[in-house]
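For reference, the chains in residue letters:
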Amino acid sequence: ADKVLEWRDQKSIVCIILHADSEKAFSAGGDVKSLLAAFKRNGAMRVAREYFTMEYFLDYLIHVYPKPILCWADGIAMGGGIGIMNGASYRVVTERSILAMPEITIGLYPDVGATYFLNRMPPGIGLFLGLTGARFNGGDAVAIGIADGLIPSQEKRQILTGLARLSWTTDAQNNQRTLRDYLKPAADPDASLKSDLLKRLSEIQSLTIKATVEEIDRAFRTWSGVDDWIKNAVQGYIVGSPTSAKTIFEQLRRGKALSLKEVFLREWDMSLNFCARSDFYEGVRARLIDKDQSPRWNPPSLAEVTDDEVERFFSQRHGQPHLLADKFSCLGVIKQDHP
């Protein structure tokens, strides 16, 4: 974040590119394991406060950055990787992109601004992806508004090299348009039309547009279709944390009217509260460390998750400084926050 802030005021830099050579560079599983290791060494809550402050501040900064930012999300983009990707001026996906918000499988919740962007997908889709951790492809990402264009992966070198030949100016808004105009012809104009996710929209909505999470739970558990993708998605929900499921439903329900900044401030509190309970540690152990794929959720069923327990995740960390709010106050106004 410090480097990105430095580049903001550096006139010789007109555009930032986020990309990687690794096919897993936009997947945050390794970060989660490192986070838990740091918890054991240095004290969980102190590390968590610093980690989530740094992560969410960078995510928000990318969203409101005045200069254009190009994110080339080739390969796996999940969890925190989508947080970095999502705020970029132009988000490129490819035929190799695999995306997901799989936090329910590790006893967490979709964070990094997901309260905001999951709520702005077609009705029912964001909640479905959050509750199931289902994977989707680049064309799906364009169709649901989480990416701007699908460009063949083989075009990467040519596209990035061509950036140096564009007519950049000192006007950041003009440069935003320059970047979009440059990339638009390279993107597949029919990417959204090819989306398998949107072809399943009606069935997804029949599962998720319900008044309560208990109704969704029943719909998932009684679903008897033959679509393998939905079958795998439903299984992702069934093996996920019941506490996470009930909290995710409330997260999206309560967060519909929040601004982007308000979303990150609330998620900072939520993440610290999640770090204070057992499911997160157990989920990471079972999925990422021991890899026995048999987490012992506490409580083990949705019916046993109390409203008071869910409410605790939305409480503010009273008695502790809100480090993210402090960072935001030092940032000043870069450009208009999202409504």
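Nothing here was measured: the structure is a model prediction, and the numbers come from that model.

Conventions and cut-offs
In this numbering scheme, every chain counts its residues from 1 along its sequence in written order. Reporting of local features is limited, given that this is a predicted model, to residues whose pLDDT is at least 70; pairs of side-chain atoms are given and counted only at 80 or more, and all residues count toward the totals for whole chains, interfaces and linings. Heavy atoms throughout the structure, all of them, feed into the side-chain values; hydrogens and water do not. Note on conventions: DSSP H or I runs of at least 4 residues are helices, E runs of at least 2 residues are strands, and numbering of each starts at the N terminus. To get the radius of gyration, use the C-alpha atoms; to get the globule rule, take the number of residues to the power 0.38 and multiply by 2.2 Å. The contact rule is simple, with two residues in contact once any of their heavy atoms fall within 4.5 Å. Surface accessibility follows the Shrake-Rupley procedure with a 1.4 Å probe radius. Residue values consider only the protein chains on display as shielding. We count Lys and Arg on the positive side and Asp and Glu on the negative side, and we leave His and both chain ends out. Charge placement uses NZ in Lys and CZ in Arg. For Asp and Glu, CG and CD serve respectively. Each residue is assigned to one of three classes by its accessible area relative to the maximum for its type, calculated with a 1.4 Å probe on protein chains only: buried under 20%, partly exposed between the two thresholds, exposed over 50%. Taking the helix axis as origin, the arc is that swept by the directions to the C-beta atoms. Strands are labelled as partners when DSSP assigns at least two bridges between them. As used in this record, nonpolar core signifies buried Ala, Val, Leu, Ile, Met, Phe, Trp, Tyr and Cys residues forming a set joined through side-chain atoms within 4.5 Å. Whenever a nitrogen or oxygen atom comes within 3.5 Å of another N or O atom, the pair is scored as a polar contact, on the condition that within protein one atom can donate a hydrogen and the other can accept it, and that pairs from neighbouring residues in sequence are kept only if both atoms are in side chains. Within this document, salt bridges are pairs made up of a side-chain nitrogen of Lys or Arg and a carboxyl oxygen of Asp or Glu, the two lying within 4 Å of each other.

**Q** Explain the overall build of the protein chain here, please?
**A** Per the secondary structure count, the protein chain includes 18 helices and eight strands. Scaling as 2.2 N^0.38, a compact globule of 339 residues should have a C-alpha radius of gyration of about 20 Å, and the protein chain matches this with 20 Å. In terms of overall dimensions, the protein chain has a C-alpha envelope of 60 × 50 × 40 Å along the principal axes. Sequence separation of 24 or more characterises 75% of the internal contacts of the protein chain that already satisfy a separation of 6 or more. Surface accessibility of the protein chain: about 15400 Å² in total, with carbon and sulfur atoms responsible for 51%. Charged side chains in the protein chain number 42 positive and 42 negative. The centres of these two groups are separated by 2 Å.

**Q** What's the story with helix 12 (residues 213-222) in this structure? I'm lost.
**A** Note on helix geometry: an α-helix contains 3.6 residues per turn, so any two residues three or four positions apart are oriented the same way. If you check which residues of helix 12 are buried, you get Val-213, Ile-216, Asp-217, Ala-219 and Phe-220. End-on view of helix 12: buried residues confined to an arc of 165°, all on one side of the axis. With respect to the buried face of helix 12, the exposed residues turned more than 90 degrees away are Arg-218 and Thr-222. Next to the buried residues of helix 12 lie helix 6 (125-132), helix 11 (201-208), helix 13 (228-238) and helix 14 (242-254).

**Q** Hey, could you run me through the pairing of strand 3 (residues 69-73) in this one?
**A** Here is the key point about a regular strand: its side chains alternate between the two faces of the sheet. Along strand 3, five of the five residues are buried, which leaves the element largely enclosed by surrounding structure. Residues Ile-69, Cys-71 and Ala-73 line one face of strand 3 and the alternating positions Leu-70 and Trp-72 line the opposite face, and both faces are buried. In this structure, strand 1 (residues 16-18) lies alongside strand 3, joined through three bridges in parallel fashion. Residue pairing across strands places Ile-17 opposite Leu-70, the latter belonging to strand 3. The sheet contact formed by strand 3 and strand 5 (residues 90-93) spans four bridges and is parallel. Each bridged residue has a counterpart across the sheet, and for Trp-72 the counterpart in strand 5 is Val-92.

**Q** Would you explain unusual backbone geometry in this entry?
**A** Most peptide bonds are trans, and most residues other than glycine sit at a negative phi. Residues Asn-298 and Pro-299 are joined by a peptide bond in cis, for which omega reads 5°. Looking at the secondary structure, you find Pro-299 in the loop between helix 16 (278-289) and helix 17 (307-313). Although it is not a glycine, Val-112 adopts a positive phi angle of roughly 45°. Mapping Val-112 onto the fold places it in the loop between strand 6 (98-100) and helix 5 (114-117). A residue is classified by how much of its surface remains accessible, and Val-112, at 0% relative accessible area, is buried. Positive phi outside glycine occurs at Gln-293, with the angle close to 60°. Judged by relative accessible area, Gln-293 falls into the partly exposed class, the value being 42%.

**Q** Would you take a moment to explain the nonpolar core for this structure?
**A** Looking at soluble globular proteins, one finds that nonpolar side chains tend to be buried together. Ranked by internal contacts, the top residues of the largest apolar core, which has 91 residues, are Phe-52, Phe-128 and Phe-280. Here this core gets 10 residues from one element, more than from any other, and that element is helix 3 (residues 44-64). Apart from the residues lying within four places of it in its own chain, the contact partners of Phe-280 are Val-32, Leu-35, Leu-36, Phe-39, Ile-106, Gly-107, Leu-108, Phe-274 and Cys-275. Grouped together as the second largest cluster of nonpolar side chains are 13 residues, Cys-15, Tyr-90, Ile-151 and Ala-187 included.

**Q** Would you mind showing me how to read the pairing of strand 5 here?
**A** Here strand 5 shows no split at all, with Tyr-90 and Val-92 on one side and Arg-91 and Val-93 on the other all buried. Bridging between strand 5 and strand 8 (residues 149-150) involves two bridges; their strand directions are parallel. In the strand pairing of strand 8, Val-92 is matched with Gly-149.

**Q** Looking at this model, I keep getting lost on the sheet that holds strand 1. Mind explaining?
**A** Hydrogen bonds along the backbone pair up the strands of a sheet, which may run parallel or antiparallel. Strands sit in the order 1-3-5-8 across an open sheet of four strands; the sheet is parallel. The open sheet terminates on both sides in strands that have one partner only, identified here as strand 1 and strand 8.

**Q** Just to check I follow, could you spell out the side chain of Thr-94 for this structure?
**A** Along the chain, Thr-94 falls in the loop between strand 5 and strand 6. Side-chain polar atoms of Thr-94 contact the backbone nitrogen of Arg-96, separated by 3.0 Å. Discounting chain neighbours no more than four positions away, the residues touching Thr-94 are Trp-72, Ala-73, Asp-74, Gly-75, Gly-138, Leu-150, Ile-151 and Ser-153.

**Q** Help me understand the pattern of salt bridges in this model?
**A** Any two side chains of opposite charge can pair if their charged atoms end up close together. Scanning the entire structure with this criterion turns up 21 salt bridges. Between Glu-250 and Arg-253 there is a salt bridge whose closest N-O contact spans 2.7 Å. In this pair, Glu-250 and Arg-253 are both assigned in helix 14, three residues apart and thus about one turn of the helix distant. Under the relative-accessibility criterion, Glu-250 is labelled buried at 14%. For Arg-253, a relative accessible area of 47% gives the class partly exposed. One network of salt bridges, in which partners are shared, links Glu-250, Arg-253, Arg-254 and Glu-311.

Interpretation note: all reported values are geometric properties and have no functional meaning in isolation.
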